[in-house]
Each structure stands twice: as structure tokens, then as C-alpha cells.
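So you can see what is in the structure, the chains are spelled out below.
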4 protein chains.
Amino acid sequence: MLNDDNRADITKRLNRIAGQVQGIQRMVDDDRYCVDILTQIAAARAALGKVSNQVLEAHLDTCVVTSFASGNENDREAKVRELLDVFGRYMSK
Amino acid sequence: MLNDDNRADITKRLNRIAGQVQGIQRMVDDDRYCVDILTQIAAARAALGKVSNQVLEAHLDTCVVTSFASGNENDREAKVRELLDVFGRYMSK
Amino acid sequence: MLNDDNRADITKRLNRIAGQVQGIQRMVDDDRYCVDILTQIAAARAALGKVSNQVLEAHLDTCVVTSFASGNENDREAKVRELLDVFGRYMSK
Amino acid sequence: MLNDDNRADITKRLNRIAGQVQGIQRMVDDDRYCVDILTQIAAARAALGKVSNQVLEAHLDTCVVTSFASGNENDREAKVRELLDVFGRYMSK
């Protein structure tokens, strides 16, 4: 669960990322140098990575703490599975 | 340099990514489950990764081929530097 | 904390990775094609990634569950910090 | 193609990485804290990443330059394909 501070901050970041994606589109339209486009794409990816870090932090602080504290073994198992799955999605091969 | 086909395809992909970023914002607004948000962020990152692959392919096919074929050692050096820099930006730590 | 099964399995994987690193050295000595060397390095990195997944799973199943269930807020905070730090170390930029 | 300097430097790095893998094994045997093990695994992955950067640099400086300069379109195509494949192997999802 995100709290209001998280939500406000993430919203600001996502707006900026939307702007970065538009900026990449403009660079493509304006025939800008490929390497500059690649640098901007990397920056947008990094910015999304920061958002994911924040969402993960909120997730650990709330859902995972609650689940692990609950003593419900099935729920706990599911949460561990999900975290490993998330880790796998973001880790490079 | 991107050709018209590349530009059209990348534009389509960037439009879809802009939609994904909006979708993530909606998920945040609607208080959706953090793990589902993380999955969507990973998907948007992966989609940006595919765009970068396409831009890199175009770059290799055009600028890099031209540079390496030119025999201009300084330009060649610069191109190699840039490619390693791009590689470093995308590789996980 | 790793249990005996984890430890045995991870040991087997690390032995294999040590062999992969030796193999890469042999390829370098034998002047093998760079792209083949790069493919083997990527394979060793991926194998290390799988070990980290297993260690992380054990960590979540034991230390993190215990900490989050303990109600000790400071310890919990520290565990969350550590997990985000680990996540950051493995995520690509 | 690696030159002698590259080969010597990469050999030194691979030796160090072999030592890191042994160190990880010792940490596992000694029941060290999972997060410390994960940090060491990340360090070994990063060290392999640096080797790959060096191999890639040598590859670009030699094989790729030669191929792109040769005017042999099939060979050039193959080299571009290989580079994109390498890029894909190292990029995070």
C-alpha cells in the first residue's frame, strides 16, 4: 500500500517520465543522433527503476510486514514468491 | 540514423510506452496492489529496452558502419567509446 | 540463514561457476572468438544471478520473516533497508 | 581478438573473480549473513561485467572494425547481429 506522500512523489516522477518519453519521441522525429537517443532511453529506464524502488519500499513496509507478522504461513509463502518474482523481473540476465 | 520504417515502428512503440506509463499512474491512483504495479513498471522498462535495441541496430547499421569503413581513426575511436558507454548504461551492475 | 539443502545446492552451483570462470580463462588463453567469450561471461553472470535468487529466498524465508514477525521496529526498518539495497545492487541502471 | 595487454589484464581480473567465487563459497560454509553473501555475489557479477566490457572493447577495435571496413555486407550483417545479441544478453529485462 502506498501512503499519500508516496503517491504524490511517484505521481511527480511518472509525470516526468511521461515527459521523457515524449522527449525521446521528439528526438526520433528530429532525427537526432542515435547515441543521444539511447542515452535518453537509458535515463527513462533508470527513472522507472527509481519508481519501482519506491513502490517496493512501500510494499515491504506495509503488505510484507503485515503478512510476515500475521503468522499465516500460506500468505507468507505467497509474499516471498512474489518478491522473488519481482527481483527476477528487474535483475539482468 | 533511423530510416522511415524504424521511425514509424519506434513511434508506435513509444506511444504504447506512454500508455503504459499512464496505466501505471492510474494503478497508483486506484491504490492497486504494489506487486502488480511493479510488474507493470518492469514491462514498461522492458518495452523501452526493445526500443533501445532497435535504435542500437540502426546505429550499428548506419553511423558505425560508415565510421568504421571510413578509415578515420579518431572517428572510429569515438564510435567505439560511445558504444561501450551505451553498453555500460544498460548493463546491470 | 541457509539450511543444509540450500547450502549443498549453492555449493554445487558455485563449483560449476568456478569451472565456468576457468573455462573463460582457457578461452582467453586459446584466443577464442570474443563473442563466444562474451556469451560465456554472460552465462557465468546468469549463474551467479541464480545463486543470488536462492540466497535471497532463504533470507526472506528465515531472517526477514523472523524480523518482521518480531515487532521490533528498528530491526524491521534495517531489514527493509537491506532488501532495497540488495535490489538496487542487482537492478540494471 | 585480444592483444597481449588485454589478455594479461583480463587474466588478472579472472583470477580475482575466481578468488571471489571461492570467498562466496567460504561465506556459505561459515554460515555468514545472507545479505553479506548477496553483496559479494553482486560484486563478482560486477567484476565479470567489467571483463565483458574489456572483451567487447577489444572486439569492436579489431574484428568489428575489420569487418565493417571490408565492405563484405554478409559479414557486416553477422557482426551487427552478434553485437545486438550480446547487448540483449547483458541488458536487464
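None of the values given here were measured: they were computed from a predicted structure. (Residues numbered from 1 in each chain as written. Chains lettered and ligands numbered in written order. Predicted model: local features only at pLDDT ≥ 70, side-chain atom pairs only at ≥ 80, totals over all residues. Heavy atoms only, no water.)

### A look at the overall build of chain A
When helices and strands are counted, chain A shows three helices and zero strands. Along chain A, helices and strands appear, N-terminal first, in the series α-α-α. In terms of overall size, chain A is more extended than a compact globule, its C-alpha atoms giving a radius of gyration of 18 Å where 93 residues would be expected to give roughly 12 Å. For chain A, the spread of C-alpha atoms along the principal axes amounts to about 55 × 35 × 15 Å. Looking at the 93 residues of chain A, the share that counts as buried comes to 48%. Summarising the internal contacts of chain A: among those between residues at least 6 apart in sequence, 51% fall at separations of at least 24. On chain A, roughly 4,100 Å² of surface is accessible, and the fraction owed to carbon and sulfur atoms is 46%. Charge-centre separation for chain A: the mean point of 13 positive side chains lies 3 Å from the mean point of 14 negative side chains. (Helix = DSSP H or I, 4+ residues; strand = E, 2+ residues; numbered from the N terminus. Rg over C-alpha atoms; globule rule 2.2 N^0.38 Å. Buried < 20%, exposed > 50% of the residue type's maximum accessible area, 1.4 Å probe, protein only. Contact = heavy atoms within 4.5 Å. Areas by Shrake-Rupley, 256 points an atom, 1.4 Å probe, with all protein chains shown as cover. Lys, Arg positive; Asp, Glu negative; His and termini not counted. Charge placed at Lys NZ, Arg CZ, Asp CG, Glu CD.)

### Here's the deal with the interface of chain A and chain C
Facing 25 residues of chain A, the contacting portion of chain C comprises 25 residues. Contact between chain A and chain C buries roughly 2,300 Å² in total, counting both sides, with carbon and sulfur atoms accounting for 69%. Interface area lost by chain A to chain C is led by F68, L84 and F87 of chain A, which between them contribute 25%. At the surface where chain A touches chain C, the tally comes to two salt bridges. In this structure, E57 of chain C and R81 of chain A form a salt bridge, with 3.0 Å as the shortest nitrogen-oxygen distance. (Buried area = accessible area lost by both parts, 1.4 Å probe. Salt bridge = Lys/Arg side-chain N within 4 Å of Asp/Glu carboxyl O.)

### Looking at helix 3 (residues 73-90) of chain D
The end-to-end C-alpha separation of helix 3 of chain D is 26 Å, in line with the 26 Å expected for 18 residues at 1.5 Å each. For helix 3 of chain D, the full list of buried residues reads K79, V80, L83, L84, V86, F87, G88 and Y90 of chain D. Next to the buried residues of helix 3 of chain D lie helix 2 (34-70) and helix 3 (73-90) of chain B, helix 2 (34-70) of chain C together with helix 2 (34-70) of chain D. Its side-chain oxygen at 3.0 Å from the backbone nitrogen of N74 of chain D, N72 of chain D defines the N-terminal cap of helix 3 of chain D. (Expected span 1.5 Å × (residues − 1). Polar contact = N/O pair within 3.5 Å; in protein donor to acceptor, adjacent residues only side chain to side chain.)

### Thoughts on the layout of surface pockets
Taken as a whole, the largest pocket encloses approximately 190 Å³ of empty space. In terms of residue class, the lining of the largest pocket is made up of six nonpolar, six polar and no charged. Taken together, A18, V21, Q22 and Q25 of chain C together with L14, N15, A18 and Q22 of chain D make up the lining of the second largest pocket. Sorting the residues of the lining of the second largest pocket by element identifies helix 1 (4-29) of chain C together with helix 1 (4-29) of chain D as the ones contributing at least two each. Residue composition of the lining of the second largest pocket, by class: four nonpolar, four polar and no charged. (1 Å grid on protein atoms, 1.4 Å probe; cavity = no way out; pocket = protein on both sides within 12 Å on 5 of 7 lines; lining within 4 Å. Points joined across faces, edges and corners; volume = space filled by probe spheres on them. Nonpolar A, V, L, I, M, F, W, Y, C, P; charged D, E, K, R; others polar.)

### Describing the interface of chain A and chain B
The interface is formed by 39 residues belonging to chain A together with 39 residues belonging to chain B. For the pair chain A and chain B, the summed buried surface comes to about 3,700 Å²; carbon and sulfur atoms form 71% of the total. Of all residues in chain A, L38, R45 and Y90 of chain A bury the most surface against chain B, accounting for 18% of the area lost on that side. At the surface where chain A touches chain B, the tally comes to two salt bridges. For D31 of chain A, the salt bridge identified is with R7 of chain B, shortest N-O distance 3.3 Å. If you list the elements that add at least two residues to the side of chain A that touches chain B, you get helix 1 (4-29), helix 2 (34-70) and helix 3 (73-90) of chain A.

### Comments concerning the relation of the copies chain A and chain B
With an RMSD of 0.0 Å, chain A superimposes on chain B once it is rotated by 180° and translated 0.0 Å along the axis. Here the two chains are linked by the operation of a two-fold rotation axis. Comparing interface residues between copies, 100% of those in chain A also lie at the interface in chain B; the contact surface is shared. (Least-squares fit on C-alpha atoms with pLDDT ≥ 70 in both.)

These figures capture arrangement, not role.
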